[in-house]
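Notes for the structure review
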Amino acid sequence: MNVLLLGSGGREHAFAYKLTQSKHCKQLFIAPGNPGTAKHGINVNIKLNDFEELGKFCMQQNISLLIVGPEEPLVNGIRDFFEADKNLANIKFIGPGKLGAQLEGSKDFSKDFMIKYKIPTANYKTFTSENLHDGMEYVKKHSLPVVLKADGLAAGKGVLILNDNEVAVNEIRAMIENKKFGNASDKVVVEEYLNGIELSVFVLSDGTNYKILPTAKDYKRIGENDSGLNTGGMGAVSPVPFADEAYLKKVDERIIKPTIEGLKNENINYVGFIFIGLMSVNGEPFVIEYNCRMGDPETEVVLPLIKSDLLEMLVACADGKLDEYELLIDDLAAATVMLVSAGYPGDYEKGKQIIGIDDIQNSQLFHAGTQLNENGELCTNGGRVMAITSFGKNINEAVSVSINNAKLIQYEGKYFRKDIGFEFL
Ligand code: AMP
Ligand code: GLY
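Owing to the predicted nature of the structure, the values given are computational and were not obtained by experimental measurement.

What to know about the overall build of the protein
- When helices and strands are counted, the protein shows twelve helices and 22 strands.
- Relative to the 2.2 N^0.38 estimate, which gives 22 Å for 425 residues, the radius of gyration of the protein is 21 Å and therefore close to what a compact globule would have.
- Dimensions of the protein, computed from the C-alpha atoms along their principal axes, are close to 55 × 50 × 45 Å.
- Across the protein, contacts joining residues at least 24 apart in sequence account for 68% of those joining residues at least 6 apart.
- Carbon and sulfur atoms provide 46% of the accessible area of the protein, an area that totals close to 18100 Å².
- One finds the centroid of the 44 positive side-chain charges in the protein at a distance of 1 Å from the centroid of its 57 negative side-chain charges.

Observations regarding the site of ligand 1
- Neighbouring ligand 1 are 14 residues, the closest being E191, E192, L194, E198 and E289.
- At a separation of 3.0 Å, an oxygen atom of ligand 1 approaches a polar side-chain atom of K107.
- The side chain of K220 places a nitrogen or oxygen atom 3.0 Å from an oxygen atom of ligand 1.
- If ligand 1 stood free it would expose 470 Å²; the protein chains cover 88% of that surface.

Quick notes on the state of the cysteines
- Per the counting criterion, the structure on display carries zero disulfides.
- In this structure C58 is a free cysteine whose sulfur lies 14 Å from that of C25, the closest cysteine sulfur available.

Some points on the nonpolar core
- Formed by 45 residues in total, the largest nonpolar core has its most connected members in L4, I78, F82, I274, I276, L278 and Y290.
- Examining the composition of this core, we find that six residues originate from one element, helix α9 (residues 245-265), more than from any other.
- Beyond its immediate sequence surroundings of up to four residues, L278 is in contact with I197, E198, L199, V201, Y247, V251, I255, P285, F286, V287 and I288.
- Among the nonpolar cores identified, the runner-up in size contains 36 residues, and F15, I67, A216 and A316 belong to it.

Here we look at the site of ligand 2
- Residues in close proximity to ligand 2 include D218, G232, F275, R293, G295, D296, P297 and E298, which together make up its full environment.
- Contact distances for ligand 2 include 2.9 Å between a nitrogen atom and a backbone N or O atom of D296.
- Burial of ligand 2 by the protein chains amounts to 86% of its free accessible area of 200 Å².

Things to note about the sheet that holds strand β4 (residues 63-68)
- Spatially, β3-β2-β1-β4-β5 is the arrangement adopted by the five strands of the open sheet, whose pairing is parallel. Each of the sheet's edge strands pairs with one partner strand only, and the pair in question is β3 (42-43) and β5 (92-94).
- Bridge count between strand β2 (residues 27-32) and β3: two bridges; the pairing is parallel. Each residue of the ladder has a partner; that of F29, found in β3, is I42.

Thresholds, definitions, all that
Residues numbered from 1 in each chain as written. Chains lettered and ligands numbered in written order. Predicted model: local features only at pLDDT ≥ 70, side-chain atom pairs only at ≥ 80, totals over all residues. Heavy atoms only, no water. Helix = DSSP H or I, 4+ residues; strand = E, 2+ residues; numbered from the N terminus. Rg over C-alpha atoms; globule rule 2.2 N^0.38 Å. Contact = heavy atoms within 4.5 Å. Areas by Shrake-Rupley, 256 points an atom, 1.4 Å probe, with all protein chains shown as cover. Lys, Arg positive; Asp, Glu negative; His and termini not counted. Charge placed at Lys NZ, Arg CZ, Asp CG, Glu CD. Near = heavy atom within 4 Å. Polar contact = N/O pair within 3.5 Å; in protein donor to acceptor, adjacent residues only side chain to side chain. Disulfide = S-S within 2.5 Å. Core = buried A, V, L, I, M, F, W, Y, C linked by side-chain atoms within 4.5 Å. Buried < 20%, exposed > 50% of the residue type's maximum accessible area, 1.4 Å probe, protein only. Pairing = 2+ DSSP bridges.

Keep in mind that these numbers describe shape and distance, not what the molecule does.
Printed below as a string of structure tokens:
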């Protein structure tokens, strides 16, 4: 079958790599893709939110399956657009509709949902311009740290964890009154701080049945020992050692089952990935956030561990038959190390020539922010440049293979964390 994949990051390169291992994949197209995805299929220059053009392309190329990588087109209703057009409605589709995508698109929606379905999460209150004054009073007296979250999508920057009540008062005002995160902070969720260990659980839902993929942990801070600014993710490991069978049973019973049933009860036909960000507090899982997609760089460790046919799983999912699919996982540890540009997550330069990628061995390289220049040379084109994924008997082994290979790739300003997975080594 012909498949269209939307997105252009390391996540999408990992999808492209796995999808084209399937004997069912006739032609893969990636919109817009990157030089890494181009090794597995044909990159198509259509913007993620240009639903009309994407629809036309699907008809022209006889696309049977559409997989949406990033959240934005989902929150903007790409699934609803395809469902409403009789020429597109029968294309198999991975990604929830606009309502289901609210799990990520609105923190207020997702918190209400968790409370309604008794899914463990931090206590919270939501404020808007209507009750900003109450909000300011509320955060003034809130225990510390206090967590402020912009309701809408804010490019991963909308969460503030503050250790000072006066600062929190100013911040909630800046978010609501001065639109610090644009319309995304018209509403602000004020939440209790949960102290524990984070991990991510990935679920693929066909609306009724679901499969739980390997757990992962990402490393968000730029500096070693989790110091410095937040990034999109500097690396990840999978599976997470403490998330054993007993722990996952708790997650399944208390979180995944009620989430799937809750969505059904809300008449939301959720077909796609649910990425559940968890905080493990004294061994008990709490939901920090939902995302309506896979994580990046978590995908770069989770998908390579899948032994069974990914494309078959996605087709079974789109057809509502996930119960008929057997998911097989490799009994290995995976780690990915992200190479980034100097200055990231602040300002950074692009266009630095990258050399040495042909020298790496025993790792899988996933392009994130790369492009070919006018001479056809591979260059940096983003803060996160590429992810190097490796396997081992344990995390330690996997990480050291990635680090050795990270040293072989050269470009001006290259930086990477050498301590990915540090707490499990
Ligand atoms: P989010 O954008 O929702 O992923 O939040 C960004 C990060 O903030 C999370 O990955 C956590 O590290 C942290 N965080 C969010 N909510 C809380 C909370 N209630 N308690 C502690 N940390 C949190
Ligand atoms: N790595 C976190 C995310 O994809 O949101």
